[in-house]
Amino acid sequence: MTKSKSHGKIVVHLLLILGSAMMLFPFIWMILTALKTKTEAIQVPPSILPEVAQWGNFARIFEIFPFGNFYVNTILSTIVITVGQVFFCALAAYAFARLEFPFKNFLFLLLLSILMVPGQIFLIPQYLIIQKLGLLNSIPALFMPGLFSAFGTFLLRQFFMTIPKEVEEAAIIDGASRIRIFFTVILPLSKSALISLSIFTLLYGWNSLLWPLIVNTSTEKMTLSAGLASLSGQYGTDFPMVMAGSFLACIPLIIAFLIFQKQFIEGIALSGGK
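Per chain, residue numbering runs from 1 following the sequence as it is written. Predicted model: local features are reported for residues with pLDDT of at least 70 only, side-chain atom pairs are reported and counted for 80 or more only, and whole-chain, interface and lining totals are derived from all residues. Heavy atoms from the whole structure form the basis of all side-chain values; hydrogens and water molecules are not counted.

### Details of the UniProt feature "transmembrane region" (unreviewed entry) in the protein
So, step 1. UniProt positions are given in the numbering used here, feature names are shortened, and annotations may be inferred rather than shown by experiment. When the UniProt feature table is mapped onto this chain numbering, "transmembrane region" (unreviewed entry) sits at residues 12–32, 70–94, 106–130, 142–160, 181–206 and 239–260.
So, step 2. Structurally, residues 142–160 comprises 68% helix and 0% strand, and the distance from its first C-alpha atom to its last is 30 Å. Numbering of helices and strands runs from the N terminus, with a helix taken as a DSSP run of H or I at least four residues long and a strand as a DSSP run of E at least two residues long.

### Observations concerning the packing of aromatic side chains
So, step 1. Two aromatic rings, drawn from Phe, Tyr or Trp (for Trp, its six-membered ring), form a pair once their centres lie within 6.5 Å of each other, and the interplanar angle then sorts them: stacked below 30 degrees, edge-to-face above 60, tilted otherwise. Tallied over the full model, the rule gives 17 aromatic pairs.
So, step 2. Ring centres of F87 and F183 lie 6.5 Å apart, and the angle between their planes is 25°; on these two criteria the pair is classed as stacked. With F87 in helix α4 (residues 67–98) and F183 in helix α10 (residues 178–189), the pair connects residues that are 96 residues apart, well separated along the chain.
So, step 3. Here the term buried applies to any residue with accessible area under 20% of the maximum for its type, exposed to any over 50%, and partly exposed to those in between, with areas from a 1.4 Å probe on protein chains only. Residue F87 is classed as partly exposed on the basis of its relative accessible area, which comes to 37%.

### Notes on a nonpolar patch on the surface
So, step 1. Residues enter patches when their relative accessible area tops 30% and they take part in no salt bridge; the joining distance is 9 Å for like charges and 5 Å for the nonpolar side chains Val, Leu, Ile, Met, Phe, Trp and Tyr. Exposure was quantified through the Shrake-Rupley algorithm and a 1.4 Å probe, taking into account, for residues, occlusion by the shown protein chains and nothing else. Salt bridge, as applied in this entry: a Lys or Arg side-chain nitrogen positioned within 4 Å of an Asp or Glu carboxyl oxygen. The grouping of F87, F88, L91, F148, I179 and F183 at the surface amounts to a nonpolar patch, some 550 Å² of accessible area in total.
So, step 2. Elements represented by at least two residues in the nonpolar patch include exactly α4 and α10.
So, step 3. Here the element with the most residues in the nonpolar patch is α4; it accounts for three residues.
So, step 4. Looking at the secondary structure, you find F148 in the loop between α7 (140–143) and α8 (150–160).
So, step 5. Residue classification places F148 among the partly exposed positions, given a relative accessible area of 38%.

### Examining the nonpolar core
So, step 1. In terms of nonpolar packing, the biggest core is built from 22 residues, with F58, I61, F67 and L224 touching the most fellow members.
So, step 2. Elements with a minimum of two residues in this core: α1 (2–34), α3 (56–64), α4, α13 (224–229) and α14 (239–259).
So, step 3. In terms of residues, this core owes the most to one element, α14, which gives seven residues.
So, step 4. Listed in part, the 21 residues of the second largest apolar core include L155, I163, I181 and L187. Among buried residues, the Ala, Val, Leu, Ile, Met, Phe, Trp, Tyr and Cys ones that are joined through side-chain atoms within 4.5 Å form a nonpolar core.

### Some remarks on the packing of α4 against α10
Between two packed helices, the angle of one axis relative to the other and the distance separating the axes together describe the packing.
So, step 1. Axis lines are fitted to C-alpha atoms, over the contacting stretch for helices. Their N-to-C directions set the angle, which ranges from 0 to 180 degrees. Running from amino to carboxyl end, α4 crosses α10 at an angle of 105°, the nearest separation of the two axes being 12 Å. The pairing of α4 with α10 is recorded here as roughly perpendicular in orientation. Contact residues: α4 offers F87, A90, L91, Y94 and R98, while α10 offers R178, I181, F182, F183, I186 and L187.
So, step 2. Classifying every residue of the contact of α4 with α10 by side-chain character gives nine nonpolar, no polar and two charged. Working definition: roughly parallel below 35 degrees, roughly antiparallel above 145 degrees, roughly perpendicular at 65 to 115 degrees, and oblique for all remaining angles. In this description, contact between two residues means that some pair of their heavy atoms is separated by no more than 4.5 Å. Classification convention: Asp, Glu, Lys, Arg as charged; Ala, Val, Leu, Ile, Met, Phe, Trp, Tyr, Cys, Pro as nonpolar; all other residues, Gly among them, as polar.

### Examining unusual backbone geometry
So, step 1. Following V44, the chain continues into P45 via a peptide bond in cis, with omega recorded as -5°.
So, step 2. Inspection of the secondary structure assignment puts P45 in the loop between α2 (38–42) and α3.
So, step 3. Of note in the backbone geometry, F103 takes a positive phi value of approximately 60° without being a glycine.
So, step 4. Inspection of the secondary structure puts F103 in the loop between α4 and α5 (104–113).
So, step 5. What makes F103 exposed here is its relative accessible area of 64%.
So, step 6. The phi angle at N137 is positive, at roughly 55°, despite the residue not being glycine.
So, step 7. Its place among the elements puts N137 in the loop between α6 (123–132) and α7.
So, step 8. Relative accessible area serves as the criterion here: at 31%, N137 is assigned to the partly exposed category.

### Here's the deal with the pattern of salt bridges
So, step 1. A full pass over the atoms with the stated rule returns three salt bridges.
So, step 2. A salt bridge links E168 to R98; its shortest N-O distance comes to 2.1 Å. Note that E168 is positioned in helix α9 (residues 165–173) and R98 in helix α4, a separation of 70 residues in sequence.
So, step 3. According to the relative accessible area criterion, E168 is buried, its value standing at 3%.
So, step 4. Note that E168 and R178 form a salt bridge whose closest N and O atoms lie 3.0 Å from each other. Of this pair, E168 sits in helix α9 while R178 sits in helix α10; the two residues are 10 residues apart in sequence, bridging distant segments of the chain.
So, step 5. Counted as one network, the salt bridges with shared partners bring together R98, E168 and R178.

### Re α10
Residue pairs three or four apart in sequence face the same way in an α-helix, which turns once every 3.6 residues.
So, step 1. Taking 1.5 Å of rise per residue, the 12 residues of α10 would be expected to cover 16 Å, and the 15 Å separating its terminal C-alpha atoms lies within 8% of that figure.
So, step 2. Among the residues making up α10, those that are buried are I181, F182, V185, I186 and L187. One fewer than the residue count of a helix, multiplied by 1.5 Å, yields its expected span.

### Points about α8
So, step 1. Within α8, eight of the 11 residues are buried, which leaves the element mostly enclosed by the surrounding structure.
So, step 2. Of all the residues in α8, the buried ones are A150, G152, T153, L155, L156, R157, F159 and F160.
So, step 3. N or O atoms within 3.5 Å of each other form a polar contact, as long as, within protein, one can give a hydrogen and the other can take it, and as long as residues adjacent in sequence are counted only when both atoms are side-chain atoms. For α8, the capping residue at the N-terminal end is S149, with a side-chain oxygen 3.0 Å from the backbone nitrogen of G152.

As structure tokens, then:
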């Protein structure tokens, strides 16, 4: 029995190592390609290691594009989207979870119906709204449609409903208003759910591609993903430059994951449970 268990553990660990290698391979290949010349990147059969590491690719991308502006635009829009979505979704979720108002269930079902529709359907209406507001080719155009989400409202509502009503009733007896209960009772008890939503919103805002490409055509107002997409030209793609830019774009998320690794895992586990 002991030998069979040890053999089973060895097989499981080998499978986990193989799966980890398969997930790390694209990332490693991205770094190796970023250090190659353009000829080495497209040669057949492909070469794994570069003959001479082209570290200058990382500096050259800042010369070709305003890569610093891409970083600033991405960081700014991601922060605003994350803060705004967590705040507005929390307000809507609390209303659906605790308050009583006419057509509450119907409105909640209507909200959930948004999750059943592909997001691309909303691109044209959102673009027309931004155009009429005169915000095309501007930073606010990057984050305005992302300030609210049906998924975030659903996730937080489900969590708020698990909080005992007795906690709120005790606060009401002490004379607290609904606004005070929301900020001093509900939100402090919902840190795990708020962190979970923040993680998914952060990833969404940082990796968003289609909307920034549509709403902004000015190079100075592009995000990292949109700027990297513009490197793919009609007559060829400079793969080392694309990979170098992609690696630089990944660094902030990698650092954030290393710092908040525990919160990332807890947040994903919580969203899966809900």
